[in-house]
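Commentary on secondary and tertiary structure
What follows is each chain in one-letter form.
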Amino acid sequence: MSAYFSPALFAFLKALKRHNDREWFEANRERYVSDVEAPILRFISELAPRLAAISPAFVVDPRRSGGSMYRIYRDTRFSSDKSPYKTHVAATFPHIERKKAPSVPGFYLHLEPGDCMGGGGIYHPDTPTLTRIRLAITENRKGWAAVKKTGGSGD
């Protein structure tokens, strides 16, 4: 597997944090496209068949707009921080049923200088779903202990 994210991605995001204004961003838009947008979209495109092989129930959409990649523009309408751009790049891979049943699993990727993470799970599950999760944990304490110990599947 080839590398997707280079130091150039993090260098751009660091510079954006220092110069978070429209004039700087427009002057550096080509850098954004080549160093940030293109690598995350390539990652998403190449992740699609791999995640589909595990489960076709997850949405992996490589479109520039409306897909898995979060947009770079911040919604500043209700924020005291009026910085127009996010200083991280992120993508989400939700379950296909998320609109019909919001308590379904999904995956998330966050890349930011000094703060990168990937995660999976259920965000704000409803009460019945949370109850099922808790019961599954208590009914399989050994499995849960292995997950907590290894940070993975326990295999």
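Unusually for a residue other than glycine, H124 sits at a positive phi of about 50°. Tracing the backbone through its elements, the reader meets H124 in the loop between β3 (117–121) and α4 (127–139).

Right, let's talk about the sheet that holds strand β1 (residues 89–94) for a bit. Strand order in this open sheet of three strands is β1-β2-β3, and the pairing throughout is antiparallel. Among the strands making up the open sheet, the edge pair consists of β1 and β3. Strand after strand, the sheet turns through a mean of 10° between neighbouring axes, direction not considered. Two elements, strand β2 (residues 106–111) and β3, share five bridges in a ladder whose sense is antiparallel.

We now examine the nonpolar core. Looking at soluble globular proteins, one finds that nonpolar side chains tend to be buried together. Membership of the largest hydrophobic core comes to 26 residues, with the highest contact counts inside it found for F12, F25, I40, I44 and F93. Sorting the residues of this core by element identifies α1 (7–18), α2 (22–27), α3 (29–54), β1 and β2 as the ones contributing at least two each. Considering every element that reaches this core, the biggest residue donor is α3, with eight residues. Among residues more than four places away in sequence, those in contact with F25 are F12, L16, Y32, I72, Y73 and Y85.

Attention now goes to the side chain of T87. For T87, the position within the fold is in the loop between α3 and β1. Here T87 falls in the buried class, since its relative accessible area comes to 17%. When near neighbours in sequence (up to four residues on either side) are disregarded, T87 contacts L13, L16, K17, N20, E112 and P113.

This paragraph deals with the pairing of β2. For β1 and β2, the ladder comprises six bridges, and the chain directions are antiparallel. Opposite A90, over in β2, you have H110 as the bridge partner. Between the end of β2 and the start of β3, which pair antiparallel, lie five residues, with G114 showing a positive phi angle near 80°.

This part covers the pattern of salt bridges. With the rule as written, the count across this model stands at seven salt bridges. In this structure, E26 engages R29 in a salt bridge whose closest nitrogen and oxygen atoms are separated by 2.7 Å. Taking the relative accessible area as the measure of exposure, R29 reaches 26% and is therefore partly exposed. Close ionic contact of E46 with R42 constitutes a salt bridge, the shortest N to O distance being 3.5 Å. Placement of the pair is E46 and R42 together in helix α3, with a separation of four residues, close to one helical turn. Residue class for E46 comes out partly exposed when judged on its relative accessible area of 30%.

Thresholds, definitions, all that
Residues numbered from 1 in each chain as written. Predicted model: local features only at pLDDT ≥ 70, side-chain atom pairs only at ≥ 80, totals over all residues. Heavy atoms only, no water. Helix = DSSP H or I, 4+ residues; strand = E, 2+ residues; numbered from the N terminus. Pairing = 2+ DSSP bridges. Axes fitted to C-alpha atoms, helices over the stretch in contact; angles between N-to-C directions. Core = buried A, V, L, I, M, F, W, Y, C linked by side-chain atoms within 4.5 Å. Buried < 20%, exposed > 50% of the residue type's maximum accessible area, 1.4 Å probe, protein only. Contact = heavy atoms within 4.5 Å. Salt bridge = Lys/Arg side-chain N within 4 Å of Asp/Glu carboxyl O.

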